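Reading the structure
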Amino acid sequence: MPWSTPTTHWGLVLAAAERRSSPQAQQALEVLCQTYWQPLYAYIRRRVADSVEAQDLTQAFFTEILDKKYLRSVTPQRGRFRAFLLTACQHFLSKHWARARAQKRGGGRQLLSLDCAADKRREPLASDRTPEQEYERQWALTLLATVLGHLEREYIQEGKRELFATLKPFLLGEHAGLTYAAVARPLGMTEAAVKMAASRLRRRYRNLLRSQIAQTVAGPEAVDDELRHLFTSLGR
Amino acid sequence: MRASATCPKCGAVVPADAPAGLCPQCLLAAGLAESSSQAGLAESSFKAKAAPGEQPPGSEKEPVTTDWPAGAEEPPRRPADISEPPGSVIAGRYQLLEPIGHGGMGVVWRARDVRLNRDVAVKFIQADRLANPAAVHRFTSEAQVTAQLQHPGGA
């Protein structure tokens, strides 16, 4: 998701549904779909027999999203974008299976290629999680990976690739297995400077994470609630 | 799949698909607003969850919730014993009647679910346990198992 985009995920979807979207917004919506491909794939994968069918259905779902056909038939409730997308997907699957039963498949529909998402696909780990639990878990992991990826790109653009790679574990804070003193010398920095750099990294990370979540909920006041919910979903 | 590592921060097993190999729960914890973690500490270091004593036919299994005030780099501190007075209403629906037990993780109360008019057990987890995702996970799992065992449709 481009961080320069001023609107929220909700704004993109609603604009698309109302045919108000600009080419830029359309492009942003496509990026949005790519970003959240994995959680939807993981959800569908838990509901169908094989990964190929799951890939096809995930692509078909996003094709409908991008074609805006599906969005017009849905009334988005303000709230968590994560919940909206899952409901939309469940609705899509119901329709798909009803259609498949009626037509015995074979509609000859052209699927939009989302190849860029395919190379990021992870097979859900074996577990006894329900499809919904797996979706929420993958949503949380995708969110974190997106934010970490953006943070890394920022540091690389500033010529600080090594600093980021070294300080990344400090996102969780200093702990017994990793101290500022231990990395100060390899970085050619003082311990105090490393501590300050790590603090800056954590602050930037926190802001990026909260900013990304804020795009998926009704308002900034819901960010902490969403964080807690995702935290719980990872514990399942 | 490679063997999973243990998070040096919280002690939980880091899943193989964790982003950047870092504990995803601790990464989320690091996103909590600093002011929010303080507020969470002040307002709700404990959160109730209920294991249903009896459920109306057809009702859904009791949702299990856990609170998580910590986030931040310092876990919350709170006295180990809970001091909610009898009669307190938790989560807007569970009226505490009397404490019926306590253990290493928290205290169990007999309570009344005033919304569905039924008796339930409400278990509190200690605030300092909430800083440990593995403990929260155990707590949640235990509640889920308990809820299943006590379902009237069960054995």
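Worth saying up front: this structure is predicted, and the values here are computed from it rather than measured.

To continue, consider the pattern of salt bridges. This structure, assessed with the given rule, holds 10 salt bridges over all chains. For Arg82(A), the salt bridge identified is with Glu226(A), shortest N-O distance 2.6 Å. Here Glu226(A) lies in helix 12 (residues 223-234) and Arg82(A) lies in helix 6 (residues 81-103), a separation of 144 residues in the sequence. By relative accessible area, which is 1% here, Glu226(A) ends up buried. Between Arg210(A) and Asp224(A) there is a salt bridge, and its shortest N-O distance comes to 2.8 Å. Highlighted residues: Arg210(A) in helix 11 (residues 191-214) and Asp224(A) in helix 12, separated in sequence by 14 residues. Take Arg210(A) and Asp224(A): they sit in the same class, and that class is buried. One continuous salt-bridge network, built from bridges that share partners, spans Arg46(A), Arg129(A), Glu134(A), Arg137(A) and Asp17(B).

Residues and elements named next belong to chain A. The interhelical angle for the contact between helix 3 (residues 37-45) and helix 8 (residues 131-157), taken along N-to-C directions, is 160°, at an axis separation of 8 Å. In terms of their interaxial angle, helix 3 and helix 8 are classed as roughly antiparallel. Crossing angle aside, the handedness with which helix 3 passes helix 8 is right-handed. Counting all contacts with helix 3, which are made through Gln38, Pro39, Leu40, Ala42 and Tyr43, the residues of helix 8 involved are Pro131, Glu132, Glu134, Tyr135, Gln138, Trp139 and Thr142. Among the residues forming the contact of helix 3 with helix 8, the class breakdown is seven nonpolar, three polar and two charged.

Below, the discussion takes up helix 10 (residues 180-187) of chain A. All names here are of chain A. Turning to helix 10, its buried residues number three or more, namely Tyr180, Val183, Ala184 and Leu187. Along helix 10, the residues classed as buried sweep out an arc of 120° about the axis, all on the same side. For helix 10, the exposed residues set more than 90 degrees away from the buried face come down to Ala182, Arg185 and Pro186. Looking at the buried side of helix 10, the elements it contacts are helix 9 (161-167) and helix 11.

A separate point is the nonpolar core. The nonpolar side chains of soluble globular proteins are, as a tendency, buried together. Grouped together as the largest cluster of nonpolar side chains are 70 residues, with contacts concentrated most on Phe61(A), Leu85(A) and Tyr205(A). Ranked by residues supplied to this core, first place goes to helix 8 of chain A with 10 residues. Residues Tyr94(B), Ala111(B), Val122(B) and Phe124(B) belong to the second largest nonpolar core, which totals eight residues.

All names here are of chain A. Here chain A shows a mean pLDDT of 78. Residues at 70 or above account for 71%. Taking the mean pLDDT of every element in chain A, the minimum, 47, falls on helix 7 (residues 115-118) and the maximum, 94, on helix 9. Confidence drops under a pLDDT of 50 for residues 1-6, and excluding neighbours within four residues, the segment shows 14 contacts in the predicted structure. Low pLDDT (under 50) marks residues 105-116, which in the prediction has 18 contacts with non-local residues, meaning those over four places away or in another chain.

This brings us to the packing of aromatic side chains. All names here are of chain A. Scanning the model with the defined rule gives eight aromatic pairs over all chains in all. Seen from their ring centres, Phe61 and Phe62 are 5.3 Å apart, and the 55° between their planes marks the pair as tilted. With respect to class, Phe61 is no different from Phe62; both count as buried. Summarising the aromatic geometry, the rings of Tyr155 and Phe164 are spaced 5.6 Å apart at their centres and angled 45° between planes, so their arrangement reads as tilted. Here Tyr155 and Phe164 have matching classes, each one buried.

Reading guide: rules and limits
All residue numbers refer to position in the chain's written sequence, counted from 1. Chain labels run from A onward and ligand labels from 1 onward, assigned in the order the entries are written. In view of the model being predicted, local features appear only for residues whose pLDDT reaches at least 70, and side-chain atom pairs are presented and counted only at 80 or more, with totals across whole chains, interfaces and linings using the full set of residues. The side-chain values count all of the structure's non-hydrogen atoms but skip hydrogen atoms and water molecules. When a carboxyl oxygen of Asp or Glu is within 4 Å of a side-chain nitrogen of Lys or Arg, the pair counts as a salt bridge. Helix and strand labels come from DSSP, where a helix needs a run of H or I of at least four residues and a strand needs a run of E of at least two; each type is numbered from the N terminus. Type-normalised accessible area, obtained with a 1.4 Å probe on protein chains alone, sets the label of each residue: buried when under 20%, exposed when over 50%, and partly exposed for intermediate values. All axes are obtained by fitting lines to C-alpha atoms, using only the stretch in contact for helices, and the reported angles, taken between N-to-C directions, cover 0 to 180 degrees. Angle categories: roughly parallel below 35 degrees, roughly antiparallel above 145, roughly perpendicular from 65 to 115, and oblique for all the rest. The hand of a helix crossing depends on one turn: near helix anticlockwise from the far one by less than a right angle means left-handed, and clockwise means right-handed. Contact definition: two residues touch when any of their heavy atoms are within 4.5 Å. We call Asp, Glu, Lys and Arg charged. Ala, Val, Leu, Ile, Met, Phe, Trp, Tyr, Cys and Pro are nonpolar, and the rest, Gly among them, are polar. Within this analysis, the arc is defined by the directions that extend from the helix axis to the C-beta atoms. The nonpolar core is taken to be a set of buried Ala, Val, Leu, Ile, Met, Phe, Trp, Tyr and Cys residues, with the residues joined through side-chain atoms within 4.5 Å. How sure the predictor is of each residue is captured by pLDDT, a score from 0 to 100. Two rings from Phe, Tyr or Trp (for Trp, the six-membered ring) form a pair when their centres are within 6.5 Å of each other. A pair whose planes differ by under 30 degrees is stacked, one over 60 is edge-to-face, and the rest are tilted.

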